[in-house]
Amino acid sequence: MGHPQVNFRKTPELGSAREARLINSLVVIAYILPIALILGPFCIFFVVSFGRVEASAVVIDFNLSNYVRILADSTVRMVIGRTLVIGIATALVCTLVGFPAAYLMKILGPTRRSLLMVAFAVPLLMSYVIKIYTVRNLLGTNGVINHFLMASGLVSQPLEFFTLSYYGVFLTLTSVLLPFAVFPIFLSLDRIPASLVEAAADLGASRTRIFWTVIFPLSLSGVAVSLTFTFVLAIGDFITPELVGGPNGFTLGRIIFSQFGLGFNWPFGAALSIFMMMIVTVALALATRIRPPGKVTF
Amino acid sequence: MSDQPLIEMRDIGKIYGSHTVLRNVNLDIGQNEFLVVVGPSGSGKTTILRMIGGFVEPTSGDILLNGSRINGIPVNRRPFNTVFQDYALFPHMTVAANVGYGLRVKGLAADEIKKLVAQTLDLVGLGQLGSRYPAQMSGGQRQRVALARALICKPRLVLLDEPLAALDAGLRHQMQTFLKSIQREIQTSFLFITHDQEEAISLADRICVMDHGEVVQVGRPEEVYYRPCNRYVADFFGDNNLVDAQVKTVNGDGVAVETPFGMAVARGDQGMHFNAGEAVTLAVRPENVELLGANGSAPAGHVKSVSFVGPLSLVEVESTKSPGATLHVKQLSSQLAAPFKIGAGVTVSWKGKETWVIRK
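Residues numbered from 1 in each chain as written. Chains lettered and ligands numbered in written order. Predicted model: local features only at pLDDT ≥ 70, side-chain atom pairs only at ≥ 80, totals over all residues. Heavy atoms only, no water.

**Things to note about the overall build of chain B**
What counts is decided by this rule: Each helix corresponds to a stretch of at least 4 residues labelled H or I by DSSP, and each strand to a stretch of at least 2 residues labelled E; elements are numbered beginning at the N terminus. In what follows, residue pairs with any heavy atoms lying within 4.5 Å of each other are defined as contacts. For the area figures, the Shrake-Rupley method with a 1.4 Å probe applies, and any residue is considered shielded solely by the protein chains shown. Only four residue types enter the charge count, namely Lys and Arg as positive and Asp and Glu as negative; His and the chain termini do not. For this purpose, a charge sits on NZ of Lys, CZ of Arg, CG of Asp or CD of Glu.
In terms of regular secondary structure, chain B is built from eight helices and 20 strands. Dimensions of chain B, computed from C-alpha atoms along their principal axes, come out at roughly 85 × 45 × 40 Å. Within chain B, residue pairs in contact and separated by at least 24 positions form 65% of the contacts whose partners lie at least 6 positions apart. On chain B, roughly 15,700 Å² of surface is accessible, and the fraction owed to carbon and sulfur atoms is 50%. Between the centroid of the 36 positive side chains of chain B and the centroid of its 35 negative side chains there is a distance of 4 Å.

Okay, here's the thing in structure tokens:
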């Protein structure tokens, strides 16, 4: 007895055929998983979008009625229009507010920069619903904001802008999605070599000129990511309009959501989803055009 | 007033926290002078350039431009332009837009800018490439764009921060010649930073040798090369023999010293005031020592090795008196006859004018 026995055969050798097989199979799984779990459901959705509901059951008979309804139904058209407006407004406001925040993050010293980064990152760690409820408390006819405005005598009656409505959805999305604007812009600013800014100053440029001729053009890739992130997340959201939208705060996401719930019209919901994907694709295609000229590599 | 230096750095110090980067730096840059600051990394040479450029402020001391103090004047209002080590070309602008940037800042008319940009691109040999983007150009071409961008503003002083460090050897030599000829052509002062002593010697009107944040020696290339002020400088510039010796007699700037290879007459800096009996170091170039056959007299040393390197051969001589002390001598290969075989006894003839004595 005494000495423990070591079984060398059970230790796989580095780079052995066995290990190579294991790696290969993992690689295959890594590729198959997204294909199966994303492309699969998408195909099913695509097929379902050509069906209809008959006697509480989905019948797939490959008709275009759902797509015709999207284009013909004035209510649906109006909701799509308002959703696009909310999406564009959210993307613009987030990016306009996020840019100075990101710029501040870039120029602050390391300690304050970290603090600011944490301040923007903490909301990302919180539950989405909690964040929306937080904003919801502020909004409404008797919400904190309107209450304060009335009590301080600044307004004589509650402002519609701060009620649970279409505006509420916009305000909530803007505040919830702000980190998705700040961080991409910060990353693009942070990647600009300090020597470029020094070179511009060396050639006589003022701070303002350096910003508009060097820093801003070279941060456009971050701006593009910020605009697409916030736009795509805003138009697809259904929880925010559900919780703070009130009776008139309908958006595309909320309508899709209802088709799979109370509305029970999966084919129409699927068709709306496909339609939304088309909007997102167009938005992404447009965003790739927002970049500095030349070939920027750093 | 041609005697007035363009730039004077007076008692400059720079401290970052507890780290002293520059200590008591006094340095002038003359009108139309090509000054090279050379030193190992961390010697403070780049800080000197950045301080004159206005990127860094000195902790103490003054910087003067034609006699007027320029401390605190921001980068964009100093009449100097920099060629950065990584070129720092704007990647989103064409070559022409890069070169014209400084003129647009000055508010020149568009057609004037176009004309000057074309002229300057011609000057650096990139006449046809104005519409390209920096990413489409080679390292050497980018270097020229960076130079053109600085020169077009007609600066009083061009600051070059190790601009050739990223280029391969062939291109480096080509660019050195090019820089020197441009500097003569446009008659502007250049401040050139490098860690490469050969580059310093081939480019400079004057060289400033830095070590640990201090200026060790400033002088013409042949001065720092043949008459180093101390062992550090003697060692920095190439293949000096550093021979331990003892002072016997002093006569003006002439010093008679005893070396492991016999007596030698050397010269030293008059300000040094050597004393008889003092231990010193001789700095002597291998090409400034001559070997003679012993011819019956007692040999000072014997040949330890001979390596043939073309027209000159490098002979290593070991002292007879104190084995271990060696001397490298460059001898014409054609003269390498029988007396200089390995093991042969030789005597050493010093060229007094070029044998330099420094404090140990």
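There is more to say, and it comes next.
**Quick notes on a nonpolar patch on the surface**
What counts, and what does not: What goes into a patch is any residue over 30% in relative accessible area without a salt bridge, connected to like charges within 9 Å or, for nonpolar side chains (Val, Leu, Ile, Met, Phe, Trp, Tyr), within 5 Å. Each reported salt bridge corresponds to a side-chain nitrogen of Lys or Arg within 4 Å of a carboxyl oxygen of Asp or Glu.
Together, Val47, Val53, Val58, Ile60, Phe62, Phe264 and Trp266 of chain A make up an exposed nonpolar region whose accessible area comes to about 590 Å². In this structure, valine 53 of chain A sits in strand β1 (residues 52-54).

**Thoughts on the sheet that holds strand β3 (residues 34-38) of chain B**
Whether parallel or antiparallel, the strands of a sheet pair through hydrogen bonds between backbone atoms. Residues and elements named next belong to chain B. Let me state the cut-off plainly: Two strands are said to pair when DSSP picks up at least two bridges between them. Axes here refer to lines fitted to C-alpha atoms; in helices the fit is confined to the stretch in contact. Angles between the N-to-C directions go from 0 to 180 degrees.
Across the sheet, which stays open at both edges, the six strands sit in the order β6-β7-β8-β3-β9-β10 with mixed pairing between neighbours. Of all strands in the sheet, those bounded by a partner on one side alone are β6 (80-83) and β10 (214-219). Within this sheet the neighbouring strands show an average axis-to-axis angle of 20°, counted without direction. Two elements, β3 and strand β9 (residues 206-211), share four bridges in a ladder whose sense is parallel. Residue pairing for β9: valine 36 is matched across the bridge by isoleucine 207. Contacting β3, β7 (157-161) and β8 (189-194), helix α5 (residues 169-186) crosses the sheet at an angle of about 160° to β8.

**Notes on the side chain of glutamate 162 of chain B**
Residues and elements named next belong to chain B. Rules: Buried means the residue's accessible area, taken with a 1.4 Å probe over protein chains only, is under 20% of the maximum for its type, while exposed means over 50%, and partly exposed covers the values in between.
Among the secondary structure elements, glutamate 162 is positioned in the loop between β7 and α5. What makes glutamate 162 buried here is its relative accessible area of 10%. Ignoring any residue separated from it by four or fewer positions in sequence, one finds glutamate 162 in contact with Lys45, Gln85, Ile193, Thr194 and His195.

**Some words on the environment of valine 48 of chain A**
Residues and elements named next belong to chain A. By the element assignment, valine 48 lies in helix α1 (residues 17-48). For valine 48, a relative accessible area of 14% corresponds to the buried category. With residues near it in sequence (within four places) discarded, valine 48 still touches Val58, Ile60, Trp266, Pro267 and Ala270.

**What about the interface of chain A and chain B?**
We apply this condition: Here's the idea: put two parts together, see how much 1.4 Å probe accessible area each one loses, and the total over both is what we call buried area. Residues are grouped as follows: Ala, Val, Leu, Ile, Met, Phe, Trp, Tyr, Cys and Pro are nonpolar; Asp, Glu, Lys and Arg are charged; every other residue, Gly included, is polar.
At the junction of the two partners, chain A supplies 23 residues and chain B supplies 23 residues. In total, about 1,900 Å² of surface goes out of reach between chain A and chain B, with carbon and sulfur atoms giving 61% of it. The largest share of the area that chain A buries against chain B comes from Glu198, Asp202 and Leu203 of chain A, three residues that together contribute 36% of it. At the junction of chain A with chain B, the criterion picks out one salt bridge. With a shortest N-O distance of 2.6 Å, glutamate 198 of chain A and arginine 50 of chain B are connected by a salt bridge. Of all elements in the fold, only α8 (194-202) and α9 (207-218) of chain A reach the threshold of two or more residues within the side of chain A that touches chain B. Per element, the largest residue contribution to the side of chain A that touches chain B is seven residues, and it comes from α8 of chain A. A class-by-class count of the residues in the side of chain A that touches chain B yields 14 nonpolar, five polar and four charged.

**Concerning the pattern of salt bridges**
This model, assessed by the stated rule, comprises 24 salt bridges over all chains. For arginine 69 of chain B, the salt bridge goes to aspartate 62 of chain B, with nearest N and O atoms at 2.8 Å. Since its relative accessible area comes to 51%, arginine 69 of chain B is described here as exposed. One salt-bridge network, held together by shared partners, links Arg52, Glu54 and Asp61 of chain A.

**A few points about the packing of aromatic side chains**
Applicable threshold: Classification of ring pairs uses Phe, Tyr and Trp, with its six-membered ring standing for Trp, and accepts pairs whose centres are within 6.5 Å; under 30 degrees between planes counts as stacked, over 60 as edge-to-face, and the remaining range as tilted. Either the NZ atom of lysine or the CZ atom of arginine qualifies as a charge over a ring when it sits within 6 Å of the ring centre and within 35 degrees of the ring normal.
Following the criterion strictly, the structure yields 22 aromatic pairs over all chains and no others. What links up through ring pairs into an aromatic cluster is the set Phe99, Tyr103, Phe211, Trp212 and Phe216 of chain A. Positioned above the aromatic ring of phenylalanine 268 of chain A, the side-chain terminus of arginine 69 of chain A is 3.8 Å from the ring centre. Across from the ring centre of phenylalanine 90 of chain B, 4.8 Å away, lies the NZ or CZ of arginine 149 of chain B, which sits over that ring.

**Overview of the sheet that holds strand β18 (residues 326-332) of chain B**
Residue and element names in this part refer to chain B. In space, the five strands of this open sheet follow the order β15-β19-β16-β17-β18, with antiparallel pairing throughout. Every interior strand has two partners, whereas the edge strands, β15 (289-293) and β18, have only one. The mean inter-strand angle of the sheet, taken between neighbouring strand axes irrespective of direction, is 40°. The sheet contact formed by strand β16 (residues 301-309) and strand β19 (residues 345-350) spans two bridges and is antiparallel. Residue pairing for β19: histidine 302 is matched across the bridge by glycine 345.

**Digging into the packing of α1 of chain A against helix α13 (residues 266-287) of chain A**
Any two packed helices are characterised by the angle at which their axes cross and by the distance between the axes. All names here are of chain A. Formally: Crossing handedness is defined as follows: a turn of the near helix away from the far one that is anticlockwise and smaller than a right angle gives a left-handed crossing, while the clockwise case is right-handed.
Viewed as axis vectors pointing N to C, α1 and α13 meet at an angle of 115°, and their least axial separation amounts to 8 Å. At the point where α1 passes α13, the crossing takes the left-handed sense. Touching Phe42, Phe45, Phe46 and Val48 of α1 are Trp266, Pro267, Ala270, Ser273, Ile274 and Met277, all from α13. The class makeup of the residues in the contact of α1 with α13 is nine nonpolar, one polar and no charged.

**Here's the deal with the domain arrangement of chain B**
Residues and elements named next belong to chain B. So the rule is basically this: An automatic or database domain assignment supplies the start and end points of every domain.
Entries for chain B in the domain assignment read domain 1 (7-231) and domain 2 (239-359). For domain 1 versus domain 2, the separation of C-alpha centres amounts to 40 Å. In this assembly, seven residues from domain 1 lie in contact with 14 residues from domain 2. The junction of domain 1 with domain 2 conceals about 900 Å² of combined surface from both sides, 50% of it contributed by carbon and sulfur atoms. Inspection of the domain 1/domain 2 interface yields zero salt bridges.

**Notes on the packing of helix α7 (residues 166-190) of chain A against helix α10 (residues 220-236) of chain A**
Residue and element names in this part refer to chain A. We apply this condition: Roughly parallel refers to an angle under 35 degrees, roughly antiparallel to one over 145, roughly perpendicular to one between 65 and 115, and oblique to any angle outside these ranges.
As a packed pair, α7 and α10 sit with axes 8 Å apart at the nearest point and diverge in direction by 155°. Here α7 is positioned roughly antiparallel relative to α10, judged by the angle of their axes. Judged by the sense of rotation from one axis to the other, the crossing of α7 with α10 is right-handed. Contacts between α7 and α10 involve Leu173, Leu177, Phe180, Ala181, Pro184, Ile185 and Ser188 on the former and, on the latter, Ser221, Gly222, Val223, Val225, Ser226, Phe229, Thr230, Leu233 and Ala234. The residue makeup of the contact of α7 with α10, split by class, is 11 nonpolar, five polar and no charged.

**Concerning the pairing of strand β4 (residues 60-65) of chain B**
Residues and elements named next belong to chain B. Of the strand pairs in this sheet, strand β1 (residues 7-16) and β4 are connected by five bridges, and their pairing is antiparallel. Paired with glycine 13 across the two strands is serine 60, which belongs to β4. Where β4 lies against strand β5 (residues 68-69), two bridges are found, and the strand directions are antiparallel. Each bridged residue has a counterpart across the sheet, and for leucine 65 the counterpart in β5 is serine 68. Where β4 folds back onto β5 in an antiparallel hairpin, the turn is made up of two residues, including asparagine 66, whose phi is positive at roughly 45°.

**Side note on helix α12 (residues 252-259) of chain A**
Residue and element names in this part refer to chain A. Within α12, six of the eight residues are buried, which leaves it mostly tucked inside the rest of the structure. Every buried residue of α12 is listed here: Leu252, Gly253, Arg254, Ile255, Ile256 and Gln259. At its buried positions, α12 is contacted by α3 (74-107), α10, α11 (239-244) and α13.

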